[in-house]
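Single-letter residue listing:
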Amino acid sequence: MHGDAGEDWGPFGRPLFNDPSSRALSRVGVIDVGSNSVRMVVFDGAARSPAYFYNEKIMCALGAGLAETGKLNPEGRTRALAAMRRFQKLAEGMNASTLTAVATAAVREASDGPDFVADVLRETGITVHVIDGEEEARLSAQGVLLGWPGAYGLICDIGGSSLELAEINDGKVGKRVTSSLGPLKLRDVKGGKKGRKAHIAAVMEGLAQEMGPQPNRLFLVGGSWRAIAKIDMVRRGYPLHVLHEYRMTAKSVRDTIAYIEAHSIDDLRRSCGISEARIILVPIACEVLKRLIRTFKPHDIAVSSYGIREGMLYEQMSDELRDRDPLIEAARFSEAKDARLPGFGKTLYEFVSPLFKSAKWERKRLVKAACLLHDVSWRAHPDYRAELCFDNVTRANLGGLRHSERVFLGLALMNRYKNSGADIRFPDIFGLLSEKDIKDAEVLGKAMRLGAMLWPRADQQIGELTLFPKKKELHLKLSRDAEALFGEVAQSRLASLARALETEVTVKIR
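Just so we're clear, the structure is a prediction, and the values are computed from it rather than from any experiment.

Visitor: Could you clarify how one ought to interpret the pattern of salt bridges in this entry?
Guide: Two side chains that carry opposite charge are able to pair once their charged atoms sit near each other. The tally for this structure, following the rule as stated, stands at 35 salt bridges. E287 is the salt-bridge partner of R196, the closest N and O atoms lying 2.8 Å from each other. Residue R196 is located in helix α8 (residues 192-211), and its partner E287 is located in helix α13 (residues 282-296); the two are separated by 91 residues in the primary sequence. The exposure class assigned to R196 is buried, which follows from its relative accessible area of 12%. A salt bridge links D440 to R363, with the shortest nitrogen-to-oxygen separation between them at 2.7 Å. Of this pair, D440 sits in helix α21 (residues 435-451) while R363 is found in helix α18 (residues 361-373), placing the two residues 77 residues apart along the sequence. With respect to burial, D440 and R363 carry one shared label: buried. Each of R77, D112, D119 and R122 takes part in one network of salt bridges that share partners.

This is the structure in structure tokens:
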């Protein structure tokens, strides 16, 4: 990566992922021993926006029957211990520098929870940290902050045996509460559906009194919420099957709950790709979600794929790293790892940015990310490179991106690689963009397509674009050194950019 610690990188800051303090987080393993599942995630990559190097979940149902017996489910305990042995061996083979394990409601409430923790330590050497409900809420909220720096609203994390709430404002975690509203535990409430409904309402009212008014965004964390979101996508025919940052309204949730009630569990499992162990908890989770929304009345609802495991990673970050933009850091890391000219993304951004001079910061960060990512798919076959870019960006594990922003980035990169960028396999997905978004993505892609022809080195400034929108003129100034680079293909790409901008074009050699 070119540049040094003193270089000005503009509003997006100097990259941190090569700093020793950041690279220390390069491969970190975390294990979440939950009431329903035991999962290990090994993070790798840019520390602020890590990739999922490995992700495995075993459905153990440790909390099944806990309310009646006071102990962990014996079969689930056996499966969980086997999973921990497997995870320890996997982490060792992956050279994960850190392996941190936490256990939540089932282990902390079961009378034999300490025995289980001792068994894990004896057989694997892994220390399982049993955390209380408020700490669980804090870590889940930090997981949301990993994906949404500066987010505000109410976090609701549902597990098998508990439900946690936490508020976040200005990137900080505030009030936190825990409750017994997990689907596994609610199955044991007496009185059937009617008794469960009364119990949920009473507990939720107590939570509301502790948390106070929470009219902002509701972030949903947890497998049961993600399952409901999957069903919502299928019901709506939603074109982008990415759960992180998926948005729902209160009406949409009510409609989806009615849809779930009208269909059999088996039909929902097959049509939505949800495991049998997860889908059986969905109807009870729907009862909780309906009351949650009625109680807190959020102005909108967002699904977060980031939760306690990501919160454990966030816990290890410095404040400087936490404040960084996860999208830009991930794009920088990808450029440094995969581009032909690492460092050229910054130069390309400076070249195309005059075309977006009046754009808001939210659009400029997408322009920056696109420039950093513009060449990372160069190894793909030319016939499929454009579509591959679109697929990769729209479905990548990236934080800090709304779904419409994913599609914008994908379309811009598609236009970078082929002139007819709108001719793709996913026409329905463009319904997430406005006409202006589509036009801006086309302009950005064509500008990057031109800029890629004009630089022999990553850090050599040899061209400058100037747009005069009122005059409908586009000027390109080139240095004498660049004149030889401005051949027939570059001239054709400049003409294509001018057509997209609906301008006349002038070329000057300095």
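Visitor: Mind showing me how you'd approach the packing of aromatic side chains here?
Guide: For the structure shown, the criterion picks out six aromatic pairs. A ring pair is formed by Y238 and Y246, whose centres lie 4.9 Å apart and whose planes are at 70°; its orientation type is edge-to-face. With relative accessibility at 11%, the residue Y238 sits in the buried group. Arranged with centres 6.2 Å apart and planes meeting at 55°, the rings of F390 and F430 form a pair that is tilted. Within this pair, whereas F390 is found in helix α19 (residues 385-395), its partner F430 is found in the loop between α20 (403-417) and α21, the two being separated by 40 residues in sequence. With respect to burial, F390 and F430 carry one shared label: buried. One aromatic cluster in this structure is built from F344, F351 and W455. One Lys or Arg, R363, reaches over the ring of F408 and ends 4.1 Å from the middle of that ring. The ring of Y417 is capped by R416, whose NZ or CZ atom sits 4.4 Å from the centre of that ring.

Visitor: What am I meant to see in helix α22 (residues 488-501) here?
Guide: Structurally, the α-helix is built with 3.6 residues per turn, so residues lying three or four positions apart point the same way. Given a rise of 1.5 Å per residue, 14 residues ought to cover 20 Å, and the 20 Å separating the end C-alpha atoms of α22 matches this to within 8%. Among all positions of α22, only A490, R493, L494, S496, L497, A498, A500 and L501 are buried. Following α22 by one or two positions, E502 adopts a phi angle in the positive range, close to 60°.

Visitor: Sorry if this is basic, but what is going on with the sheet that holds strand β5 (residues 128-130) here?
Guide: Sheet strands associate in pairs through backbone hydrogen bonding, adopting either a parallel or an antiparallel arrangement. Pairing is mixed across the open sheet formed by five strands, whose spatial order is β3-β2-β1-β4-β5. Looking at the sheet topology across the chains shown, the edges are occupied by β3 (51-59) and β5. Direction aside, the axes of adjacent strands within the sheet are offset by 20° on average. The strands that helix α3 (residues 74-93) touches are β1 (27-33), β2 (37-44), β3, β4 (98-103) and β5; relative to β3, the one it contacts most, it runs at about 160°.

Visitor: So what exactly am I meant to see when it comes to the pairing of strand β6 (residues 153-158) here?
Guide: Along any regular strand, the residues point their side chains to alternate faces of the sheet. Most of β6 is tucked away, with six of its six residues classed as buried. In the sheet, β6 pairs with strand β7 (residues 163-169) via six bridges, with the strands oriented antiparallel. The partner of I155 across the bridge, within β7, is A166. Connecting β6 to the next strand, β7, in antiparallel fashion are four residues.

Visitor: Can you walk me through the nonpolar core in this structure?
Guide: For soluble globular proteins, nonpolar side chains are generally found buried alongside one another. Judged by nonpolar contacts, the single largest core of 104 residues is most densely connected at L165, W225 and L292. Ranked by residues supplied to this core, first place goes to α13 with nine residues. Not counting the four nearest positions on each side in its chain, W225 is found in contact with C156, I158, L163, L220, A285, V288, L289 and L292.

Visitor: How should I be thinking about the environment of T249 in this particular structure?
Guide: Tracing the chain through its elements places T249 in the loop between β10 (247-248) and α10 (250-261). C-alpha of T249 to C-alpha of W225: the two residues are 24 residues apart in sequence and 14 Å apart in space.

What counts and what doesn't
Residues numbered from 1 in each chain as written. Predicted model: local features only at pLDDT ≥ 70, side-chain atom pairs only at ≥ 80, totals over all residues. Heavy atoms only, no water. Salt bridge = Lys/Arg side-chain N within 4 Å of Asp/Glu carboxyl O. Helix = DSSP H or I, 4+ residues; strand = E, 2+ residues; numbered from the N terminus. Buried < 20%, exposed > 50% of the residue type's maximum accessible area, 1.4 Å probe, protein only. Phe/Tyr/Trp six-rings, centres within 6.5 Å; stacked < 30°, edge-to-face > 60°. Lys NZ or Arg CZ within 6 Å of the ring centre and 35° of its normal. Expected span 1.5 Å × (residues − 1). Pairing = 2+ DSSP bridges. Axes fitted to C-alpha atoms, helices over the stretch in contact; angles between N-to-C directions. Contact = heavy atoms within 4.5 Å. Core = buried A, V, L, I, M, F, W, Y, C linked by side-chain atoms within 4.5 Å.

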